[in-house]
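Spelled out, the chains give:
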Amino acid sequence: MENVTSIDERGARPVRPVRLRLGWSWLGVVPFLLFCTAFMFLPTAFLVIGSVLDSDGIVTLQNYADLSTGIIPNAFANSIEISIVTAVGGGVFGFLLAYAVILGGLPRFLRTALMTFSGVASNFAGVPLALAFIFTLGQAGFATALLKDVGIEIYPGFRLTSKTGLELVYMYFQFPLMVLIIAPALEGLRREWREAAENMGATPRQYWRYVALPVLAPSILGAMILLFGNSFGAQATAFQLTGGTLNIVTLVISSQIRGDVLHNPGLGYAMAMGMVVIMAISIGLYSILQRRSERWLRS
Amino acid sequence: MFTTRTLTRWAGLLAASAILFAACSTPAGTTAPSAGSAAPPPGSAAPSAASGAPSGAAGGTYEEFAPDQALLDAAKTEGTLTTIALPHDWCNYGESISVFKERTGLSINELDPNAGSGDEIEAIRANKDNPGPTAPDVVDVGLSFGPAAKEEGLLQAYKVATWDTIPESAKEADGFWWGDYYGVLSFEVNTAVVSNVPQDWADLLKPEYKGQVALAGDPRTSNQAIQAVYASSLANGGSLDDAQPGLDFFKQLNDAGNLVPIIATAATVAAGETPITIRWTYNALSNRDTTAASGGPTIEVVVPASGRFAGVYVQGISAFAPHPNAAKLWQEFLYSDEGQNTWLKGYCHPIRYESLVAENKVPQEQLDKLPDVEGAVFPSLDQLNAATKLITEQWDSVVGANIQ
Amino acid sequence: MTGPAIGPRAPGALETIAASARVGRRRRPRAVWSWLIFLVGALYFLVPLVATFLHSIRTRPDIFLAYRQVLADPDFFVGLGYSFVVGVITIVVSLLIIVPTAYWVRLKIPRLRPLVEFVTLMPFVVPPVVLVFGLIRIYSGGPLILASSDLGLNTMLVGAYVILSFPYMYRAVDTGLAAIDVRMLTEAAQSLGSGWARILWRVIFPNLRTALLSGAFLTLAIVIGEYTIANFLARNQAFGPYLSLLGRNQPFTPAAVSLISFALTWMAMGIIAFLGRSSRQRVQVAGAR
């Protein structure tokens, strides 16, 4: 995508100098920002303010200093790891699934079935999902028993309540999310391009390398960022599945600001601000990769 | 309200309570040594009375709740009561709610039944300026939240009619909060999976229970889970002042592979994934009943032979309650004989238990259904806070994350 | 040798036929892979649902006891219905905000894209409980009081849900926009004299059909499954609070409830998909370069 700074507005608006035009353009996002302010920024102002207060209400930066202590760095590391793994894993398999039903020659009704199913499954998270997997792969689970019958003992090597188990469970909503997001991009992939490439003697690999992936790369990256954020912010599933043994950021935050024990909500808020920083960094990295992929497209 | 009948009843209650308190003064085993705590051992009378039916009682009866007319009229102008964090199967609150509606004609607006104590207090704070339906009138929170909420000015004082029959140690002197019920930590066991039911804390360490023991919450945030760890210290060489052995016990449990990190619910117990769960007696017994009613596996509830630990929850009225009279009426109901017995039907020991029993206000069949909790000890507020601090801070490092 | 210029006997025809045959043969192995992937996916998705179902029928003597209880409870359907309506309203509001914004950003101010994307990802960072209490605090005093009336609380609910939908809606719409040539379409429409509103409504929206459907599905799923915000906003008629009241400590009923709501939500999505299907062939505009 090129940097569009001007457009022929014949018939739409009188021509104005570039500087002012950009000034007018900013207005276009005002409704969006207003809405975000009313329903997100203002309510979470308490979060920002709270992060610099201690339990007695005195201004302090101690909460931020505490971010490097105790289990918090480990929690951030775990969360980032799980999010990256499920974003990439979910992205890859989700992409393959979407490709299979849209361009892979499967009957049309399967595509609708997968899209609608993905809609439901994308939000099938929290306690019902955790329980579903516990019933399947838990120690007394349905699949565990079946595997045992054919001689495969997955325990104790595999534990559903480990990080790997949690990642496996997270895929349940990551795959569908990828499918739904990448579908329009796959539709944008013209069949004619493939045929043209083949008529010119391209192998599938060449087609993918020079035609399909460059076109799809920005969308795939964007979708993966979404998957990353989705996983990063998830909490209820991990809580039910791992109880008090896995440290991830969202669980530590909720243990500070909720629950039956009096903790330090300021610390929780500071951790949330830490999450904001991480999301900002991911967006930054994504933008860089985005621009690179555009160059790839043009090359 | 002050009929002769009521006065005689109160006099009798006071006399009975006084006698009971005197009679049940601490033989060595009833309360754990609490050398460090300044407060007198709280509720020490409770265990003896809770252990069984008063001899010779053929079965008590109690009267229906009769609301005070003035209060009822004031509440009726408000029309509704907003509650929070009252699951219907917790202490039989479902019945309390429907009976209250019947007796008073008020409607009840129930906010999040699964809210934790912290959420309840936060709800009061956030709704300070809001008289709308999102503001809770009454709260039912863990013991440590009572004083904290009072400090912050979030509660208003009120003393129910039966105030004097609530044990001293379970209420705030000026009436800002008061105890409502207690239970003892027990093992909820799915006997279809576990044939040899554990009888005590030490049994849980046996290799036959590998991958079978679970808590009903996160020990860093859930009252029930934290107190389970605290309770295990009593049986592991610790005391009410020393919760460290509890952490060590759970470390052993985890290292032996017996501890499952899954948060146990009735579903996971019935499915056999967490066949041994540590929970309050009232929750375990209520689960036992609902599982039996659906034809699920037989659940047995075992109060451990040693290390019997009781936990109290407290009631409070929000200082910003939009319906203060309805709130007060609700409290009067809960602390009436009928209200207390309704809790009892949910297997919760209501805080006025001894006086009710002494007055012969509890039906025999209810008494028979209660588990034997003799010897259960109650921590004081200071002991509880110290233990909570220790457990929540140390859990990660001592028991820790056993992640692959 | 002379012969027909085109057709199967034209010069070069054999090569073309062979080429098409090659293409045809190559298409079949692709379908095998597609089936394989689809089946693996189906297995992964369906097995946990089957396990949940098997758990829910452990009731005795009536194995469908849990289902009977749920389906006999009118509150279940009231809850689902209310949440569905709220979901549809949320979808509409979200679309009306996101589509013009994403379009405008892509077209006019691409430098702002990272900022806008960052803002749309913020809902992942804010714990719902913080959001809802913050909303109550702000709208219970001050210039705009929403927290004491039913209408006000419903507005707050929709507002919060729209915010929660932003990450998904924006990403879906943005991906859809990437697949069509926005600039060219806009120029073409403008040269025919269209104003911005018309462009959006007649040109952009119709070309984003799949993307909008994806966004709608994701939003509906969020609204139906959400319970924290609905609970604290006293929206007891919503599905989430209904589930909360059902009790965490029922052994078999929650499994039945989650399967039934899964099925019903899937049907609802099917309805939306049906309503949103294109009535004519998609206009193939030259896609992204």
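Computed from a prediction, not measured in an experiment: that's the story for all the values here.

### Things to note about the overall build of chain A
Counting secondary structure elements, chain A contains 13 helices and zero strands. When the helices and strands of chain A are read in sequence order from the N terminus, they spell out α-α-α-α-α-α-α-α-α-α-α-α-α. Looking at chain A as a whole, 57% of its 299 residues qualify as buried. Of the contacts made within chain A by residues no fewer than 6 positions apart, 70% connect residues no fewer than 24 positions apart. Carbon and sulfur atoms make up 66% of the accessible area of chain A, which amounts to about 12500 Å² in all.

### Points about the interface of chain C and chain A
Listed per partner, the contact involves 100 residues of chain C and 102 residues of chain A. Each partner contributes to the roughly 9000 Å² buried at the junction of chain C and chain A, and carbon and sulfur atoms together form 73% of this total. At the boundary of chain C with chain A, the tally comes to zero salt bridges. Remark: the boundary between chain C and chain A carries twelve residue pairs in polar contact (both at pLDDT 80 or more). Looking at the side of chain C that touches chain A, the elements with two or more residues in it are helix 1 (13-56), helix 3 (74-107), helix 4 (113-121), helix 5 (128-138), helix 6 (150-178), helix 7 (182-191), helix 9 (209-225) and helix 12 (253-275) of chain C. Class assignment of the residues belonging to the side of chain C that touches chain A gives a composition of 65 nonpolar, 21 polar and 14 charged.

### Topic: the state of the cysteines
Residues and elements named next belong to chain B. Inspection of the entire model under this criterion finds one disulfide over all chains. Two residues share a disulfide in this structure: Cys91 and Cys348, whose sulfurs sit 1.8 Å from each other. Since a negative S-S torsion denotes a left-handed disulfide, the Cys91-Cys348 link at about -85 degrees is left-handed. One end of the pair, Cys91, is in the loop between strand 1 (80-83) and helix 4 (93-104); the other, Cys348, is in the loop between helix 12 (337-345) and strand 10 (349-350), and 257 residues separate them in sequence. What makes Cys348 buried here is its relative accessible area of 0%.

### What about the environment of Leu220(C)?
Residues and elements named next belong to chain C. Among the structural elements, Leu220 can be located in helix 9. A residue is classified by how much of its surface remains accessible, and Leu220, at 0% relative accessible area, is buried. In contact with Leu220, not counting residues within four places along its chain, are Phe84, Gly87, Ile91, Ala268, Met269 and Ile272.

### Let's talk about unusual backbone geometry
Of note, the bond from Arg60(C) into Pro61(C) is cis; its omega dihedral lies within 30 degrees of zero at -5 degrees. Note that Pro61(C) resides in the loop between helix 1 and helix 2 (65-71). We note that Asn360(B) has phi near 60 degrees; this positive angle belongs to a residue other than glycine. Turning to its location among the elements, Asn360(B) is positioned in the loop between helix 13 (353-358) and helix 14 (364-369).

### Concerning the pattern of salt bridges
Evaluated as defined, the whole model comprises 32 salt bridges over all chains. The closest approach of N and O atoms between Glu393(B) and Lys389(B), which form a salt bridge, is 2.9 Å. Of this pair, Glu393(B) and Lys389(B) both sit in helix 15 (residues 381-398), four residues apart, which is roughly one turn of the helix. Two residues, Glu187(C) and Arg183(C), come together in a salt bridge whose shortest N-O distance is 3.5 Å. Separated by four residues within a single helix, Glu187(C) and Arg183(C) lie in helix 7, roughly one turn from each other. A relative accessible area of 29% places Glu187(C) in the partly exposed class. Through salt bridges that share partners, Arg106(C), Arg113(C), Glu117(C), Arg171(C) and Asp174(C) make up one connected network.

Conventions adopted
- Residues numbered from 1 in each chain as written.
- Chains lettered and ligands numbered in written order.
- Predicted model: local features only at pLDDT ≥ 70, side-chain atom pairs only at ≥ 80, totals over all residues.
- Heavy atoms only, no water.
- Helix = DSSP H or I, 4+ residues; strand = E, 2+ residues; numbered from the N terminus.
- Buried < 20%, exposed > 50% of the residue type's maximum accessible area, 1.4 Å probe, protein only.
- Contact = heavy atoms within 4.5 Å.
- Areas by Shrake-Rupley, 256 points an atom, 1.4 Å probe, with all protein chains shown as cover.
- Buried area = accessible area lost by both parts, 1.4 Å probe.
- Salt bridge = Lys/Arg side-chain N within 4 Å of Asp/Glu carboxyl O.
- Polar contact = N/O pair within 3.5 Å; in protein donor to acceptor, adjacent residues only side chain to side chain.
- Nonpolar A, V, L, I, M, F, W, Y, C, P; charged D, E, K, R; others polar.
- Disulfide = S-S within 2.5 Å.

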